[in-house]
Amino acid sequence: MAPPDDIQQAVGQARQILRGAERVTVLTGAGISTDSGIPDYRGPQGTWTKDPKAERTATLSHYLRDSEVRREAWQNRLNSPAWTAQPNPGHKALAELERQGRLVAIATQNIDELHQQAGNSPGKVIELHGTMRRVRCWDCGEEGAMEAALERVRAGDLDPFCVRCGGVLKSATISFGQALDPEVMAKAEAAALACDVLLAVGSSLGVYPAAGLVPLAKNAGAALIIVNAQPTPYDADADALLHASISEVLPQII
Ligand code: ZN
């Protein structure tokens, strides 16, 4: 983290850039939800840092062929801290940005729906990696509520299958080895091209294609503000760079 004086200076720069902005697109990653008690994946306290074996539950090929991996995944879903998590001041600041009428969209790598809970309208939230609150059948595409599937797991069905076709049921999220929905990605790219400021929050900007939204917006002439605890590969391109606490800094700059 930068010394406090440097952070205050960067906060001032970010405020100035945002003050003149009429169309803001936001890219968010796991870092905005850690202050709500949802651990990131690869940070010092990350889910996969602490338990590298857990990563295979998020890998499509393992998930589809191995019942044991699916049982582990369902138990992880059952015990996820996300079910009781509440939006933090960082999420609420982004909801305020929408109320001000200046938000193009939030493209998020998160699957926790905390942006919607904070007050952003669903139509403004582009879920690049899907949502953990829905399930989808890998075989027939049937969708349903995650809660209904978790109820079956609680009742003893440890690897629940699709009630319509008997296919493999999975959270409606993007696993490793699974392509992003092209329509969702196209919406995010359009939002990156339509903004005069791109605000990247809590993302390591190392996972593509999501991270590709940053050079896309920048090359189209948008100013770039990065807020993240750790350095990112795009720090040198930022017009304002804040290595600081997201839930403290976002309310200050918006
Ligand atoms: Zn099915």
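Position labels on residues start from 1 in each chain and follow its written sequence. At least 70 in pLDDT is required for a residue's local features to be given in this predicted model, at least 80 for side-chain atom pairs to be given and counted, and no such filter applies to totals for whole chains, interfaces and linings, which use all residues. The side-chain values count all of the structure's non-hydrogen atoms but skip hydrogen atoms and water molecules.

*Asks:* What exactly am I supposed to notice about the packing of helix 5 (residues 89–99) against helix 10 (residues 246–253) here?
*Replies:* Two quantities define a packed helix pair, namely the angle between the helix axes and the distance between the axes. Fitted lines through C-alpha atoms give the axes, limited to the stretch in contact for helices. The angle between two N-to-C directions lies from 0 to 180 degrees. The secondary structure listing takes helices from DSSP runs of H or I that are at least 4 residues long and strands from runs of E that are at least 2 residues long, numbered from the N terminus. Interhelical geometry of helix 5 versus helix 10 gives an angle of 25 degrees and a closest axis separation of 7 Å. When the axis of helix 5 is compared with that of helix 10, the two are roughly parallel. Helix 5 and helix 10 meet at a crossing whose hand is left-handed. Every residue of helix 10 that contacts helix 5 at Pro89, Gly90, Ala93 and Leu94 is listed here: Ile246, Ser247, Leu250 and Pro251. Oblique is the label for any angle not covered by the other classes, which are roughly parallel (under 35 degrees), roughly antiparallel (over 145) and roughly perpendicular (65 to 115). Note on convention: the crossing is left-handed when the near helix lies turned anticlockwise from the far helix by less than a right angle, right-handed when the turn is clockwise. What makes two residues a contact is simply this: any of their non-hydrogen atoms within 4.5 Å.

*Asks:* Would you mind showing me how to read the sheet that holds strand 5 (residues 143–145) here?
*Replies:* Only strands that DSSP links by at least two bridges are regarded as paired with each other. Here we have three strands laid out as an open sheet, ordered 5-4-6, and antiparallel in their pairing. On the outer flanks of this sheet lie strand 5 and strand 6 (169–173), each paired with one strand and no other. For this sheet, the mean inter-axis angle between neighbouring strands, taken without regard to orientation, is 45 degrees. Relative to strand 5, strand 4 (residues 130–137) runs antiparallel, the two being bridged by three bridges. Within strand 5, the position partnered with Arg134 by the bridge is Ala145.

*Asks:* Where do I start with the nonpolar core in this structure?
*Replies:* Throughout this description, the term nonpolar core refers to a set of buried Ala, Val, Leu, Ile, Met, Phe, Trp, Tyr and Cys residues connected via side-chain atoms within 4.5 Å. For the exposure calls, accessible area comes from a 1.4 Å probe over protein chains only, and a residue counts as buried if that area is under 20% of its type's maximum, exposed if over 50%, partly exposed in between. Counting residues in each nonpolar core, the largest one holds 27 residues, and the members touching the most others are Val26, Leu199, Ile225, Val227, Leu250 and Ile253. Where this core is concerned, the elements lending two or more residues are helix 1 (4–19), strand 1 (24–28), helix 5, strand 2 (103–108), strand 7 (197–201), strand 8 (223–227), strand 9 (240–242) and helix 10. When residues of this core are assigned to their parent elements, the largest contribution, five residues, is made by helix 1. Not counting residues up to four positions away in its chain, the partners in contact with Val26 are Leu94, Leu97, Leu103, Ala105, Ile106, Ala107, Leu199 and Val201. Core analysis: the next-biggest nonpolar cluster, separate from the first, contains 24 residues, Ile126, Ala191, Ala192 and Ala210 among them.

*Asks:* Please explain the domain arrangement of the chain as it appears in this structure.
*Replies:* How large an interface is tends to be reported as the accessible area lost when its parts come together. What the domain assignment reports for the chain is domain 1 (1–38 + 87–129 + 182–254) and domain 2 (48–79 + 132–173). On a C-alpha basis, the centres of domain 1 and domain 2 stand 30 Å from each other. Put simply, buried area is how much 1.4 Å-probe accessible surface two parts lose in total, over both of them, once they are put together. Buried surface at the junction of domain 1 and domain 2, both sides included, amounts to about 400 Å², of which 51% is carbon and sulfur. Together, Ile111, Glu113 and His129 form the three largest contributors to the area buried by domain 1 at its contact with domain 2, with a combined 75%. Each salt bridge in this description consists of a side-chain nitrogen of Lys or Arg and a carboxyl oxygen of Asp or Glu lying within 4 Å of one another. Taken together, the links from domain 1 to domain 2 amount to zero salt bridges. Its residues placed into classes, the side of domain 1 that touches domain 2 shows one nonpolar, two polar and two charged. The start and end points of each domain follow an automatic or database-based domain assignment. Amino acids are sorted into nonpolar (Ala, Val, Leu, Ile, Met, Phe, Trp, Tyr, Cys and Pro), charged (Asp, Glu, Lys and Arg) and polar (every other residue, Gly among them).

*Asks:* Where do I start with the sheet that holds strand 3 (residues 125–127) in this structure?
*Replies:* Whether parallel or antiparallel, the strands of a sheet pair through hydrogen bonds between backbone atoms. If you trace the six strands from one edge of the open sheet to the other, you get 3-2-1-7-8-9, paired in parallel fashion. Since the sheet does not close on itself, it has two edges, and those belong to strand 3 and strand 9, each with one partner. Here the average twist between neighbouring strands, direction ignored, is 15 degrees. Bridge analysis of strand 1 against strand 7 gives five bridges, and the strand direction is parallel. Within strand 7, the position partnered with Thr25 by the bridge is Leu198. Of the strands in this sheet, strand 1, strand 2 and strand 3 are in contact with helix 8 (residues 182–193), which crosses strand 3 at around 135 degrees.

*Asks:* Could you clarify how one ought to interpret the coordination of the zinc ion in this entry?
*Replies:* The reference angle at a metal is 109.5 degrees if four donors form a tetrahedron and 90 or 180 degrees if six donors form an octahedron. Around the zinc ion, the protein contributes the donor atoms Cys137 (SG), Cys140 (SG), Cys162 (SG) and Cys165 (SG), which lie 2.3 to 2.4 Å from the metal centre. Atoms are scored as donors when they are N, O or S and lie within 2.8 Å of the metal, with 3.2 Å used for Na, K and Ca; no water is included, so coordination may look incomplete. Just to be clear on the cut-offs, tetrahedral is four donors with all angles between 85 and 135 degrees, square planar is four donors and octahedral six with opposite donors over 155 degrees apart and all others between 65 and 115, and anything else goes down as irregular. Given four donor atoms and angles of 101 to 114 degrees at the metal, the environment of the zinc ion is assigned as tetrahedral. Positions of the donor residues of the zinc ion, expressed as sequence spacing, correspond to C-x2-C-x21-C-x2-C. Pair noted here: Cys140 is in the loop between strand 4 and strand 5 and Cys162 is in the loop between helix 7 (146–154) and strand 6, with a separation of 22 residues, a long-range link.

*Asks:* I would appreciate a short explanation of the pairing of strand 8 in the present structure.
*Replies:* Side-chain positions along a regular strand alternate between the two faces of the sheet. Along strand 8, five of the five residues are buried, which leaves the element largely enclosed by surrounding structure. Residues Ala223, Ile225 and Val227 point to one face of strand 8 and Leu224 and Ile226 to the other, with burial holding for every one of them. Direction of pairing for strand 7 relative to strand 8: parallel, over a ladder of five bridges. Considered in strand 8, the bridge of Ala200 is made with Ile226. Taken together, strand 7, helix 9 (residues 213–219) and strand 8 constitute a β-α-β crossover, and its handedness is right-handed. Relative to strand 9, strand 8 runs parallel, the two sharing three bridges. From the neighbouring strand, Val227 faces strand 9, where its bridge partner is Leu242. A clockwise path from the first strand over the helix to the second, with the strands pointing away from the viewer, defines a right-handed crossover.

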